[in-house]
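Next come the chains, spelled out residue by residue.
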Amino acid sequence: LVKNKADVNAQGGQFGNALYAAAYQENLDIVKFLVGNKADVSAQGGIFGNALQAAVYRGNLEIAKFLLENKADVNAQGGLYGNALQTAAYQGNLEIAKFLVENKADVNAQRGRFGNALQAAARQGNLDIIKFLVENKADVNAQGGRFGNPLQAAAYQGNLEVAKLLVENEADVNAQGTFGSALDAAAIHGNLDIVKFLVEEKNVDVNAPQGIHETSLQAAACYGHLHIVKYL
């Protein structure tokens, strides 16, 4: 096809372009061939935005390395998870996350479903990646994404270990996000351990206004969480 003058950068379809398709299917030989024939390594397209993000989603470090060696933008924005680092964080791939940061990925880049890499890791409960990102100066109070902030993501998912780690690193227990505060998020999803942690250890006010449900008690009642209602 290329010998017969097919456009290696043609856009369209489920995968956006040929390089993205090859990266997603983890075919390094085709990736190399396309790049050798002037495929744009930073071309946008497909659900994951670009070939690098597709390779990271599939956990293929070899293809990710090759693309970066050929000047793919490690911070290119677009796709479901916003950028390659957020994708690695969501997938729980610490090796790739470290590789991306070593190659100047921005740990606080904003965009995508979860707003930033830290929130994506908190949503999935990827503790090792959270520790790594915090050590590399990720903002624990960064706003944006589906949950508003990383602590609220952890509270909603009921991950007490992640919530404690974030708070130990100065996450604001009263920060407002998608569901009001972390207390409201925990109440909505019936996560009693996190509710107790926030109230008993962090002195969060159970009567403070908490987003669309006004109070955490109303949120718990709305979603039928009797054990939370009794505790509050």
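Fair warning: this is a prediction, and the values are worked out from it, not measured in the lab.

(A) Representation of the nonpolar core in the model. If you look at the biggest cluster of nonpolar residues, it comprises 81 residues, and the most contacted ones within it are Leu100 and Leu166. Sequence-distant contacts of Leu166, that is, excluding residues within four places in its chain, are made with Leu118, Ala122, Ile130, Val140, Pro150, Leu151, Ala154 and Ala171.

(B) Broad picture of helix α8 (residues 127-135). Within α8 the residues assigned to the buried category are Leu127, Ile129, Ile130, Phe132, Leu133 and Val134. The secondary structure elements touched by the buried residues of α8 are α5 (84-91), α6 (94-102), α7 (117-124) and α10 (160-168).

(C) Inspection of the environment of Val140 at higher detail. Positionally, Val140 belongs in the loop between α8 and α9 (150-157). Taking relative accessible area as the criterion, Val140 reaches 7% and is therefore assigned buried. Val140 sits 13 residues away from Leu127 along the chain, and the two C-alpha atoms are 13 Å apart. Among all residues touching Val140, those that are not within four sequence positions of it are Leu118, Val134, Pro150, Leu166, Asn169, Glu170 and Ala171.

(D) Local environment of the packing of helix α4 (residues 61-69) against α6. Running from N to C, α4 and α6 point in directions that differ by 10°, and their axes come no closer than 11 Å. Looking at the two axes, α4 sits roughly parallel to α6. Facing Leu61, Ala64, Lys65 and Leu68 of α4, the residues of α6 in contact are Glu95, Ile96, Phe99 and Leu100. The residue inventory of the contact of α4 with α6, partitioned by class, reads 6 nonpolar, no polar and 2 charged.

(E) Seen up close, the packing of aromatic side chains. By the definition in use, this model includes 13 aromatic pairs. Seen from their ring centres, Tyr81 and Tyr90 are 4.6 Å apart, and the 25° between their planes marks the pair as stacked. The pair Tyr81 / Tyr90 is uniform in exposure class, with both members buried. Three or more aromatic residues joined by ring pairs form one cluster here, namely Phe15, Tyr20, Tyr24, Phe48, Tyr57, Tyr81, Tyr90, Phe114, Phe147, Tyr156 and Phe179. Sitting above the plane of the Tyr24 ring, Arg58 keeps its charged end 4.7 Å from the centroid.

(F) Geometry of the pattern of salt bridges. The final tally for this structure, using the stated rule, is 1 salt bridge. In this structure, Arg58 engages Glu26 in a salt bridge whose closest nitrogen and oxygen atoms are separated by 3.4 Å. One end of the pair, Arg58, is in the loop between α3 (51-57) and α4; the other, Glu26, is in the loop between α1 (18-24) and α2 (28-36), and 32 residues separate them in sequence. Take Arg58: its relative accessible area is 33%, and that puts it in the partly exposed class.

(G) Up close: the packing of α10 against helix α12 (residues 192-201). Viewed as axis vectors pointing N to C, α10 and α12 meet at an angle of 30°, and their least axial separation amounts to 9 Å. Relative to α12, the element α10 lies roughly parallel. Relative to α12, α10 is oriented so that their crossing is right-handed. Residues Leu160, Ala163, Lys164 and Val167 of α10 form the contact with α12, whose own contacting residues are Asp193, Ile194, Phe197 and Glu201. The class makeup of the residues in the contact of α10 with α12 is 5 nonpolar, no polar and 3 charged.

(H) View of unusual backbone geometry. A positive phi is found at Lys71, a non-glycine position, where the angle reads about 75°. Along the polypeptide, Lys71 turns up in the loop between α4 and α5. Overall, the relative accessible area of 73% leaves Lys71 in the exposed class. Residue Arg111 is not a glycine yet carries a positive backbone phi of 160°.

(I) Fine view of α6. Among the residues of α6, Ile96, Ala97, Phe99, Leu100 and Val101 are the ones counted as buried. In this structure, the buried residues of α6 make contact with α3, α4, α5 and α8. With a side-chain oxygen lying 3.4 Å from the backbone nitrogen of Glu95, the N-terminal cap of α6 falls on Asn93. Lys104 sits one or two residues past α6 and shows a positive phi near 75°.

(J) How the structure looks around the side chain of Asn116. Take Asn116: it is sitting in the loop between α6 and α7. Owing to a relative accessible area of 2%, Asn116 belongs among the buried residues under this scheme. Here the side chain of Asn116 touches Gln119 through a polar contact of 2.8 Å, landing on its backbone nitrogen. When neighbours within four sequence positions are excluded, Asn116 is seen to be in contact with Gln86, Ala109, Gln110, Arg111, Ala142 and Pro150.

Each value, and the rule that gives it
- Residues numbered from 1 in each chain as written.
- Predicted model: local features only at pLDDT ≥ 70, side-chain atom pairs only at ≥ 80, totals over all residues.
- Heavy atoms only, no water.
- Core = buried A, V, L, I, M, F, W, Y, C linked by side-chain atoms within 4.5 Å.
- Buried < 20%, exposed > 50% of the residue type's maximum accessible area, 1.4 Å probe, protein only.
- Contact = heavy atoms within 4.5 Å.
- Helix = DSSP H or I, 4+ residues; strand = E, 2+ residues; numbered from the N terminus.
- Axes fitted to C-alpha atoms, helices over the stretch in contact; angles between N-to-C directions.
- Parallel < 35°, antiparallel > 145°, perpendicular 65-115°, else oblique.
- Nonpolar A, V, L, I, M, F, W, Y, C, P; charged D, E, K, R; others polar.
- Phe/Tyr/Trp six-rings, centres within 6.5 Å; stacked < 30°, edge-to-face > 60°.
- Lys NZ or Arg CZ within 6 Å of the ring centre and 35° of its normal.
- Salt bridge = Lys/Arg side-chain N within 4 Å of Asp/Glu carboxyl O.
- Left-handed = near helix turned anticlockwise from the far one by under 90°.
- Polar contact = N/O pair within 3.5 Å; in protein donor to acceptor, adjacent residues only side chain to side chain.

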